[in-house]
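Inside the fold
Below, each chain spelled out in residue letters.
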Amino acid sequence: MLYNQSSPTMITSSSFGTHEGKEVTQYTLKNNKGTVIKILNYGGIITNILVPDKNGKNGDICLGFDDMKGYATNGPYFGALIGRYANRIANGRFTIDGKTYQLDINNGPNALHGGKVGFDKRLWDSKVVGDVLELTYVSADGEENYPGEVKVTVRYQLTEDNELVIRYSATTSAKTVINLTNHAYFNLAGQGSGTIFDHNVTINADKYTPVDSTSIPTGDISDVQGTAWDLRTKTNIGEVIHSVPGGVGYDHNYCFGKTGWQKYMARVEHPSSGRFLAMYSTEPGVQFYTSFYLNETGKGGAAYEKFGAFCLEAQHYPDSPNKPNFPTTLLAPSETYLQTTTYKFGVM
């Protein structure tokens, strides 16, 4: 189906198979620059991002699967919309107004990315509004043991400036915690092109949150100065990744503090192809993950190996419900959760 013929950005849709007997739709967003982004109404998953290199040749820089069989399990959370709570909550437990809520434990001793059946494994209602793909979902009170009925809307827009803009909003019927993100895995050389050691990264943050052995923040907010986490100037990933304490590369939250306006957070470049990705967000943090645990067979039979991609996940800090000194993730019925995150693609 073809939508929005009057806009420079064309949106079409087609079937992507079924999930639990219901049809899954794939939407294709295409602008006049030749950029193509494909998104499912299952899990809000970004399946493909095709952008030109310095020679004008399009390549798919987003890791994923060819069909619903892969996405139905999707252990790495390829391209997924994550909620209710992105990242980790220590011991899967938090307290609101004296009442303790126990979540499913699905990542060592902790709760990760919303639970066993998070937003990434739900079929969302979808519609096209102008040049925007709009997904909506109502998360029932008690779903994955989170309190409150939460109504979520996520809007995806591809601009003529080669920006993918993702706008999130949510309301709740009772006090709850919420932390939404997208978990796209990028390799600017093209998905399945080996490691990201030939990529250069800049993260525009002075501080980060150190973690314990289970990747839960200690509660400290530390300076990056003089550490392996200092990426404020352009840094080759291959030259520093093995010096990160812990031996698994980067899987850490960088702190930007203020919310409510889009801040320049990060830029990654791939010199050989000439491609770059820049990221901006209203969120107070970004998780930089270099895919130590990656080991999958992806699109077209591509082998996705350890360090074969990077993620830049806009977020509130991990375990914020248990860290009163972190920016709050508490949402009350009188409030609206809002986030805007932009990924800008281009050539150097």
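Structure first, text after, so check above.
Residues numbered from 1 in each chain as written. Predicted model: local features only at pLDDT ≥ 70, side-chain atom pairs only at ≥ 80, totals over all residues. Heavy atoms only, no water.

1. Focus: the pairing of strand S15 (residues 163-172)
Burial within S15 is extensive, with 7 of its 10 residues counted as buried. With 9 bridges connecting them, strand S14 (residues 150-158) and S15 associate as antiparallel partners. Bridge pairing links arginine 155 to arginine 167 in S15. Hairpin connection between S14 and S15: a loop of 4 residues separates the two successive antiparallel strands, and asparagine 162 in this loop has a positive phi of roughly 60 degrees. Examined bridge by bridge, S15 and strand S30 (residues 337-347) share 8 bridges and lie antiparallel to one another. Bridged to alanine 170 within S30 is tyrosine 337. (Buried < 20%, exposed > 50% of the residue type's maximum accessible area, 1.4 Å probe, protein only. Helix = DSSP H or I, 4+ residues; strand = E, 2+ residues; numbered from the N terminus. Pairing = 2+ DSSP bridges.)

2. Quick word on unusual backbone geometry
Across the junction of glycine 83 and arginine 84, the peptide omega takes the value 5 degrees, indicating a cis bond. Tracing the chain through its elements places arginine 84 in the loop between strand S7 (81-82) and strand S8 (88-89). Positioned with a positive phi, histidine 113 is a non-glycine residue whose angle comes to about 55 degrees. Structurally, histidine 113 is set in the loop between strand S11 (111-112) and strand S12 (125-129).

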